[in-house]
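# Structural overview
Here is what each chain is made of, one letter per residue.
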Amino acid sequence: MKVLLVGSGGREHALAWALRRSPLCAELHAAPGNPGIAALGRCHPVLATDAEALLDLCLAQEIDLVVVGPEAPLVAGVADEIRARGIAVFGPSAAAARIEGSKAFAKEVMDAAGVANARTLPVARPPCVVKFDGLAAGKGVWVCRTQAELDEALHAIAPPFHVEELLEGPELSVFAVAFGDEALALPPARDYKRIGDGDTGPNTGGMGSFSPLPDVPDAAAAEIVDTVHRPVLRELARRGTPFHGLLYAGLMQTAAGIRVIEFNCRFGDPETQSLLPRLESDLLALLAGESGELIVSPRAAVTVVIAGDGYPARSDSGTPIEGIADAEATGALVFHAGTALHDGQLVTNGGRILNVVALGETAADARAAAYAAAERIDFAGMQFRRDIAHG
Ligand code: AMP
Ligand code: GLY
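Remember, it's a predicted structure, so these values are computed and weren't measured experimentally. (Residues numbered from 1 in each chain as written. Chains lettered and ligands numbered in written order. Predicted model: local features only at pLDDT ≥ 70, side-chain atom pairs only at ≥ 80, totals over all residues. Heavy atoms only, no water.)

## Looking at the domain arrangement of the chain
For the chain, the assigned domains read domain 1 (2-91), domain 2 (99-103 + 168-287), domain 3 (119-165) and domain 4 (300-374). Between the C-alpha centres of domain 2 and domain 4 the distance comes to 23 Å. Each partner contributes residues to the interface: domain 2 has 18 residues there, and domain 4 has 15 residues. Carbon and sulfur atoms make up 60% of the area that domain 2 and domain 4 hide from each other, which totals about 1,200 Å². If you sort the residues of domain 2 by the area they bury against domain 4, Met207, Gln273 and Pro277 come out on top, with a joint share of 38%. Between domain 2 and domain 4 we count one salt bridge in total. As a salt-bridge pair, arginine 352 and aspartate 269 come within 3.7 Å of each other at their nearest N and O atoms. Those elements that provide at least two residues to the side of domain 2 that touches domain 4 are strand 13 (200-203), strand 14 (208-211) and helix 9 (271-275). No other element matches strand 14, which puts four residues into the side of domain 2 that touches domain 4. Tallied by class, the residues present in the side of domain 2 that touches domain 4 amount to seven nonpolar, nine polar and two charged. (Domains from an automatic or database assignment. Contact = heavy atoms within 4.5 Å. Buried area = accessible area lost by both parts, 1.4 Å probe. Salt bridge = Lys/Arg side-chain N within 4 Å of Asp/Glu carboxyl O. Helix = DSSP H or I, 4+ residues; strand = E, 2+ residues; numbered from the N terminus. Nonpolar A, V, L, I, M, F, W, Y, C, P; charged D, E, K, R; others polar.)

Here it is, written out as structure tokens:
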């Protein structure tokens, strides 16, 4: 199979790594890809949201399957345009991607499907959560425990927005590979959204992840998918907009049971970087709908995200990066998230720069290995959390 991977981050590098391992993968192309992905396949200078250019690329390269990484092209309808030309796509239609693109739509679907989620509040009063109703790259949510936090949120946010109940408890992410109402569960993973150790400081795109979880065993994923994902998949299919792609549920384990915080229409970043190295089945066969088998190693995986100077307030570019080969020599995987090549030198190019992933028999082993590898990477201003997978 000739595969085109759309996107350019750490999640896409992890997808490229896993797709490339498939004996079914004859050629791997990426649009636009990154310097890490370039070592695994051919990168083309085409934007992830440029449907017309992606279609031209598919036709020129005789692509059999397109795998879309990020949400923006999906919400914009890129999968529809490619499918309309008879090319298979792993990624939902724009209509189904609204499950991520519109919080109000997601709520309506969950309520119709009877899936437990945060109650909408008629008035904004603390404690509550204020959410922008649209794609906001993880930055459209204000958790307000006090009136001062609520005042700040209402000052910062522009309509349309939505106010809901503040849920308390540990968070987890559960992904299902979905084809209409058929769904296969991936093991639960946890990500770390705040920049600082102990979950302090501003929200980010995600500073690390791990799987399996000490508090929610892999075996629990199937039941979560039965009670959370499947009803939503059936509801989307019933509305004539079946979901084909990765349905991501962001969940909170509250005292009253599991509640949905959000759905995303694509693989999570950086959870995917911890999940795919645990996957023993053929990812390409799975995404192409040719295999109903999902075998996962019991080993633990830990991902440490290395961000650039000033992140998350700003991104960094042009700073030389050293030590990747040294880090890889420890046995760890290093996925590129925001890098570029300038005259043969690898440099920073973004907020989150690299993801270091290690496997181990236990979470403690994987964590020690991931940090030992991360310590070998060096660039000016680099920062990472020291507490990933500590609990
Ligand atoms: P989202 O963009 O919806 O993923 O929200 C980002 C983060 O805000 C989540 O990972 C949670 O930590 C937090 N959050 C969102 N909704 C709620 C809620 N109803 N109660 C508590 N925390 C929430
Ligand atoms: N890990 C959070 C996200 O992908 O949205």
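## Section: the site of ligand 1
The full set close to ligand 1 counts 15 residues, and Glu164, Leu167, Glu171, Lys193 and Glu262 are the nearest of them. Within the side chain of lysine 103, an N or O atom sits 3.1 Å from an oxygen atom of ligand 1. Here lysine 193 contributes a side-chain N or O atom positioned 2.9 Å from an oxygen atom of ligand 1. Expressed as a share of its isolated accessible area of 470 Å², the protein-covered part of ligand 1 is 91%. Looking at the shell around ligand 1, the elements that each hand over two or more residues are strand 6 (128-132), strand 7 (141-144) and strand 16 (257-264). The residue makeup of the shell around ligand 1, split by class, is eight nonpolar, no polar and seven charged. Inspection of the shell around ligand 1 shows a minimum of three residues originating in each of domain 2 (99-103 + 168-287) and domain 3 (119-165). (Near = heavy atom within 4 Å. Polar contact = N/O pair within 3.5 Å; in protein donor to acceptor, adjacent residues only side chain to side chain. Areas by Shrake-Rupley, 256 points an atom, 1.4 Å probe, with all protein chains shown as cover.)

## Some remarks on the nonpolar core
Leu4, Val66, Ile99, Val232, Phe243, Phe263 and Ile377 are the most contacted members of the largest nonpolar core, which has 74 residues in total. It is helix 8 (residues 220-238) that contributes the most residues to this core, seven residues altogether. Ignoring anything within four residues of it in the chain, the contact list for isoleucine 377 reads Ile306, Ile321, Glu322, Gly323, Ile324, Ala327, Val334, Leu354, Val356 and Met382. By size, the runner-up hydrophobic cluster in this structure holds 32 residues, among which are Ala16, Ile37, Val67 and Leu186. (Core = buried A, V, L, I, M, F, W, Y, C linked by side-chain atoms within 4.5 Å. Buried < 20%, exposed > 50% of the residue type's maximum accessible area, 1.4 Å probe, protein only.)

## Description of the site of ligand 2
Around ligand 2 sit Asp191, Tyr248, Asn264, Arg266, Gly268, Asp269 and Glu271, and those are all the residues in its vicinity. Between ligand 2 and tyrosine 248, the relevant distance is 3.4 Å, taken from a nitrogen atom to a side-chain nitrogen or oxygen of the residue. Within the side chain of glutamate 271, a nitrogen or oxygen atom sits 2.7 Å from a nitrogen atom of ligand 2. Here the residues of the shell around ligand 2 are counted per class, giving one nonpolar, two polar and four charged.

## Quick look at the side chain of asparagine 117
By secondary structure assignment, the location of asparagine 117 is in the loop between helix 6 (103-113) and strand 6. Among the polar contacts made by the side chain of asparagine 117, one reaches the main-chain carbonyl oxygen of valine 115 at a distance of 2.8 Å. Look past the residues within four positions of asparagine 117 in its chain and what remains in contact with it is Lys107, Met110, Asp111, Glu165, Arg259 and Val260.

## Here we look at the environment of glycine 196
Relative to the assigned elements, glycine 196 resides in strand 12 (residues 194-196). In sequence terms glycine 196 and methionine 207 are eleven residues apart; their C-alpha atoms lie 8.8 Å from each other.

## Describing the packing of aromatic side chains
All told, the structure shown has seven aromatic pairs when counted by the stated rule. Linked through ring pairs, Phe90, Phe175, Phe179, Tyr248 and Phe267 together constitute an aromatic cluster. When the ring centre of tyrosine 248 is taken as origin, the NZ or CZ atom of arginine 266, which lies over that ring, is 5.6 Å away. (Phe/Tyr/Trp six-rings, centres within 6.5 Å; stacked < 30°, edge-to-face > 60°. Lys NZ or Arg CZ within 6 Å of the ring centre and 35° of its normal.)

## Considerations on a negative patch on the surface
On the surface, a cluster of negative charge is contributed by Asp50, Glu52, Asp56, Asp80 and Glu81. Going through the elements one at a time, helix 2 (51-61) and helix 4 (78-83) are the ones with two or more residues in the negative patch. Locating aspartate 50 in the fold gives a position in the loop between strand 3 (42-43) and helix 2. (Patch = residues over 30% accessible without salt bridge, like charges linked within 9 Å, V, L, I, M, F, W, Y side chains within 5 Å. Lys, Arg positive; Asp, Glu negative; His and termini not counted. Charge placed at Lys NZ, Arg CZ, Asp CG, Glu CD.)

## Focus on the state of the cysteines
By the definition in use, this model includes zero disulfides. The closest cysteine sulfur to the non-disulfide-bonded cysteine 25 is located on cysteine 43, 13 Å from its own sulfur. Residue cysteine 25 is classed as buried on the basis of its relative accessible area of 7%. Not part of a disulfide, cysteine 128 finds its nearest cysteine sulfur in cysteine 144, a span of 4.8 Å. (Disulfide = S-S within 2.5 Å.)

## A closer look at the environment of alanine 301
Within the secondary structure, alanine 301 is located in strand 17 (residues 300-307). Spatially, the C-alpha atoms of alanine 301 and alanine 369 are 9.7 Å apart, while their sequence positions differ by 68 residues. Ignoring anything within four residues of it in the chain, the contact list for alanine 301 reads Ser209, Phe210, Ser211, Ser274, Arg278, Ala358, Leu359 and Ala366.

## Some remarks on the pattern of salt bridges
In total, this model carries 24 salt bridges according to the counting rule given. Arginine 299 is the salt-bridge partner of glutamate 361, the closest N and O atoms lying 3.2 Å from each other. One end of the pair, glutamate 361, is in the loop between strand 22 (352-360) and helix 12 (363-374); the other, arginine 299, is in the loop between helix 10 (283-287) and strand 17, with 62 residues separating them in the sequence. Look at glutamate 361 and you get exposed, because its relative accessible area is 57%. Ionic pairing is found between arginine 314 and aspartate 309, a salt bridge with its closest N-O pair at 3.7 Å. Since its relative accessible area comes to 45%, arginine 314 is described here as partly exposed. Salt bridges sharing partners connect three or more residues here, namely Glu108, Glu235, Arg238 and Arg239.

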